[in-house]
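Structure assessment
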Amino acid sequence: MKINLSDHQWQRILSFLLSHPRVNVGRHCECRAFLDALLWIMRTGAQWRALPSDRGRWNTVYRRFRAWAAKGVFSDMLALFADDADFEWLSIDSSTIRAHMSAAGAPHTAGGQHTQALGRSRGGFSTKIHVKVDALGNPLKLALTAGQRNDKVGWLMLREPSDEIANAILADRGYDANWIRNELAEMGIEAVIPPTKSRAQSIDYDRDLYKERYVVECFIGKVKWYRRVFTRFDKLAPVYLAFLTFASCLVWLR
């Protein structure tokens, strides 16, 4: 199976890289080969050492990827693409990701495993991804927590001042909390959130608009095509988040 960036994707990414203050692109063909190798790792979920020799030296690709992740290159790339977002309304959601046993055992120098968005949920050893997308289902912001954390914690990590542009926030009943509804009301944003069944008094919401929340679920389905996103193999949260962010950038470039 051919796993490479398309010419369109490469040109958009190259334009971004050439303007980035912390990236030395070098020879364009070598930079593209690096991204193709990274895409292969991300799509197949293979170990770094299993990278085919015609894709380059695995440790060279690995070190460059870690350097870009540390410099925030992938998050900056997503921020650039997100400037073209449709803010008619926003949707938020989360998804629990099973963590492979190789994700355990983060070194003490990195704060230990408990600081790396890993925990135990009903699904076992896991991490949870929290996402916010625009009205067209394009990703705007991503966050990680341990698998057992609830969705309301994700809202705290996803909210931004720029959300005030949106007319409404679409979310499932996992985000039904008075303090979230009050925050949205103060921002002048309609809360399209179904009430939990435990509420003494039901709260009405726009059921027709709520149907548009499918776009965030479709986005999560798209990034899970990448094996390195579908299962977490990485010990460090910033490394896994870099894979998720790069996959999200490719959704913008489809």
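Keep in mind that what you see is a predicted model, and the values were worked out from it rather than measured. (Residues numbered from 1 in each chain as written. Predicted model: local features only at pLDDT ≥ 70, side-chain atom pairs only at ≥ 80, totals over all residues. Heavy atoms only, no water.)

A look at the layout of surface pockets
The test is simple: Think of a 1 Å grid over the protein atoms and nothing else: a 1.4 Å probe that fits but is trapped marks a cavity, an open set flanked by protein within 12 Å on at least five of seven lines marks a pocket, and residues with an atom within 4 Å of a point count as lining. Grid points are joined across faces, edges and corners, and a volume is the space filled by probe spheres set on the points. In this text, helices come from DSSP runs of H or I with a minimum length of four residues, and strands from runs of E with a minimum of two, each type numbered from the N-terminal end. Ten residues, namely Ala, Val, Leu, Ile, Met, Phe, Trp, Tyr, Cys and Pro, are considered nonpolar, four, namely Asp, Glu, Lys and Arg, are considered charged, and the remaining ones, Gly among them, are considered polar.
Approximately 440 Å³ is the volume attributed to the largest pocket. Looking at the largest pocket, it is lined by 16 residues, and the ones nearest its centre are Trp 48, Ser 102, Arg 228, Phe 233 and Asp 234. No other element matches the 3 residues that helix H3 (residues 58–71) contributes to the lining of the largest pocket. Among the residues forming the lining of the largest pocket, the class breakdown is 8 nonpolar, 3 polar and 5 charged. In this model, the second largest pocket occupies a volume close to 350 Å³. Lining the second largest pocket are 21 residues; nearest its centre among them are Ser 75, Leu 78, Ala 79, Leu 140 and Lys 141. At the level of elements, H3, helix H4 (73–82), strand E4 (139–146) and helix H10 (237–252) are the ones that each hand at least two residues to the lining of the second largest pocket. Ranked by residues supplied to the lining of the second largest pocket, first place goes to H4 with 6 residues.

Some points on H10
To keep it simple, the criterion reads: Multiplying 1.5 Å by the helix residue count minus one yields the expected span of that helix. The buried label goes to any residue with under 20% of its type's maximum accessible area, the exposed label to any with over 50%, and the partly exposed label to all in between, with areas taken from a 1.4 Å probe on protein chains only.
When the terminal C-alpha atoms of H10 are compared, their 23 Å separation across 16 residues agrees well with the 22 Å that a helix rising 1.5 Å per residue should span. Most of H10 sits inside the fold, with 14 of its 16 residues counted as buried.

Some remarks on the pairing of E4
Note the cut-off: Pairing between two strands is assigned when DSSP locates at least 2 bridges connecting them.
Burial within E4 is extensive, with 7 of its 8 residues counted as buried. One ladder, built from 7 bridges, connects strand E3 (residues 124–133) with E4; its direction is antiparallel. Note on E4: the bridge partner recorded for His 130 is Ala 143. Here E3 folds back onto E4, and the loop between the two strands holds 5 residues, one of which, Gly 137, carries a positive phi near 85°.

Looking at helix H2 (residues 28–44)
Spacing of three or four residues puts side chains on the same side of an α-helix, whose turn is 3.6 residues. How we decide: In this description, contact between two residues means that some pair of their heavy atoms is separated by no more than 4.5 Å.
Along its 17 residues, H2 runs 24 Å from first to last C-alpha, staying within 8% of the 24 Å computed at 1.5 Å per residue. Listed as buried for H2 are Cys 31, Phe 34, Leu 35, Asp 36, Ala 37, Leu 38, Leu 39, Trp 40, Ile 41 and Met 42. Contacts from the buried residues of H2 go to helix H1 (7–18), H3, H4, helix H9 (227–230) and H10.

Some details on the pattern of salt bridges
Formally: Salt-bridge detection follows one rule: a side-chain nitrogen of Lys or Arg within 4 Å of a carboxyl oxygen of Asp or Glu.
Within this structure, the stated rule accounts for 12 salt bridges. Taking the shortest distance from any N to any O, the salt bridge between Asp 7 and Arg 32 comes out at 2.8 Å. Of the two residues, Asp 7 sits in helix H1 while Arg 32 sits in helix H2, which places them 25 residues apart along the sequence. For Asp 7, a relative accessible area of 55% puts it in the exposed group. Take Arg 32: its relative accessible area is 22%, and that puts it in the partly exposed class. With its nearest N and O atoms 2.6 Å apart, the salt bridge here joins Arg 213 to Glu 217.

Examining unusual backbone geometry
The phi dihedral of Ala 117 falls on the positive side, at around 55°, and the residue is not glycine. Topologically, Ala 117 is positioned in the loop between strand E1 (90–99) and strand E2 (119–121). In this structure Ala 117 comes out as buried when scored by relative accessible area, which is 12%.

Thoughts on the packing of helix H5 (residues 151–158) against helix H6 (residues 178–186)
Operational definition: Here, axes are lines fitted to C-alpha atoms. For helices the fit covers the stretch in contact, and angles between N-to-C directions go from 0 to 180 degrees. In these notes the angle categories are as follows: under 35 degrees is roughly parallel, over 145 is roughly antiparallel, 65 to 115 is roughly perpendicular, and the rest is oblique. For a crossing to be left-handed, the near helix must be turned anticlockwise from the far one by less than a right angle; the clockwise case is right-handed.
It is the contact of H5 with H6, at a shortest axis distance of 11 Å, that shows an interaxial angle of 25°. The angle between the axes of H5 and H6 places the two elements in the roughly parallel class. In this structure, H5 crosses over H6, and the sense of that crossing is left-handed. In this structure, H5 contributes Lys 152, Trp 155 and Leu 156 to the contact, and H6 contributes Trp 179, Ile 180, Glu 183 and Leu 184.

Quick notes on the environment of Leu 39
By the element assignment, Leu 39 lies in helix H2. Between the alpha carbons of Leu 39 and Leu 250 there is a distance of 9.9 Å; along the sequence they are 211 residues apart. Setting aside its immediate chain neighbours within four residues, Leu 39 contacts Ile 3, Asn 4, Leu 5, Tyr 226 and Leu 250.

What about the state of the cysteines?
Operational definition: Defined by distance alone, a disulfide is two cysteine sulfur atoms within 2.5 Å.
The final tally for this structure, using the stated rule, is 0 disulfides. Its sulfur unpaired, Cys 218 is 19 Å from the next cysteine sulfur, which belongs to Cys 249. Distance from the sulfur of Cys 249, which forms no disulfide, to the nearest cysteine sulfur (Cys 31) is 14 Å.

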